[in-house]
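Observations on the three-dimensional arrangement
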Amino acid sequence: YQRRVHGGGGAEDRTLRFWNTSNGVCLKSFETNSQVCQLIWSRHSNELVTSHGFSDYQLAIWKYPEVDLVSELKGHSARVLHMALSPDGQTVASAAADETLRFWKCFAPPTNKKKKKTTSSSFPDSALMIR
């Protein structure tokens, strides 16, 4: 998905748009029903997760390029301001204006398992490091 930029609308617009940066054409545009705050792409699949503010205060997982809603993740009670993807590409941490930090298992592991690299890290692959 190179040469593409995406943008989310505010509380009034509630629309997520995907743009071709080479020619400025809007590739996709769809209504999300709530303010779009952030977007993260999966490292291993054609999926993305969006965080939302008014009025749903949730995360949503979408299949791209169809832009089909896969799942809604509810638990925050205020605008979801920040998200970060774990090093293994499976877990999303979300921080909201309700002063909570939540961890969500959003994406499946890669399907083409390659030989595991050995590292000198003392953390297991499933550990989420926060700095």
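Preceding this paragraph is the structure being described.
Read on for an overview of the structure.

Cut-offs and rules
Residues numbered from 1 in each chain as written. Predicted model: local features only at pLDDT ≥ 70, side-chain atom pairs only at ≥ 80, totals over all residues. Heavy atoms only, no water. Helix = DSSP H or I, 4+ residues; strand = E, 2+ residues; numbered from the N terminus. Buried < 20%, exposed > 50% of the residue type's maximum accessible area, 1.4 Å probe, protein only. Polar contact = N/O pair within 3.5 Å; in protein donor to acceptor, adjacent residues only side chain to side chain. Contact = heavy atoms within 4.5 Å. Pairing = 2+ DSSP bridges. Axes fitted to C-alpha atoms, helices over the stretch in contact; angles between N-to-C directions.

**Quick word on the side chain of serine 51**
Turning to its location among the elements, serine 51 is positioned in strand 5 (residues 47–52). Residue classification places serine 51 among the buried positions, given a relative accessible area of 0%. Engagement of the side chain of serine 51 in a polar contact is seen with the backbone oxygen of valine 80, the distance being 3.3 Å. Apart from the residues within four sequence positions on either side, serine 51 is in contact with Gln35, Val36, Cys37, Gln38, Gln58, Leu59, Val80 and Met83.

**A look at the sheet that holds strand 4 (residues 36–41)**
In any sheet, the strands associate via hydrogen bonds between backbone groups, in a parallel or an antiparallel arrangement. The four strands lie next to each other as 4-5-6-7, forming an open sheet whose pairing is antiparallel. Unpaired on one side and paired on the other, strand 4 and strand 7 (68–74) mark the two borders of the sheet. Neighbour to neighbour, the strand axes of the sheet diverge by 20° on average, direction disregarded. Bridging between strand 4 and strand 5 involves five bridges; their strand directions are antiparallel. Note that in strand 5 the partner of glutamine 38 across the bridge is serine 51.

**Some thoughts on the sheet that holds strand 10 (residues 101–105)**
Ordered by their spatial adjacency, three strands build an open sheet running 8-9-10, and the pairing between neighbours is antiparallel. If you trace the sheet from one side to the other, it starts and ends with strand 8 (80–85) and strand 10, each paired once. Put simply, the sheet's adjacent strands are angled 25° from each other on average, direction ignored. Looking at chain direction, strand 9 (residues 91–96) and strand 10 are connected through five bridges and run antiparallel. Among the inter-strand pairings, threonine 91 is bridged to a residue of strand 10, identified as lysine 105.

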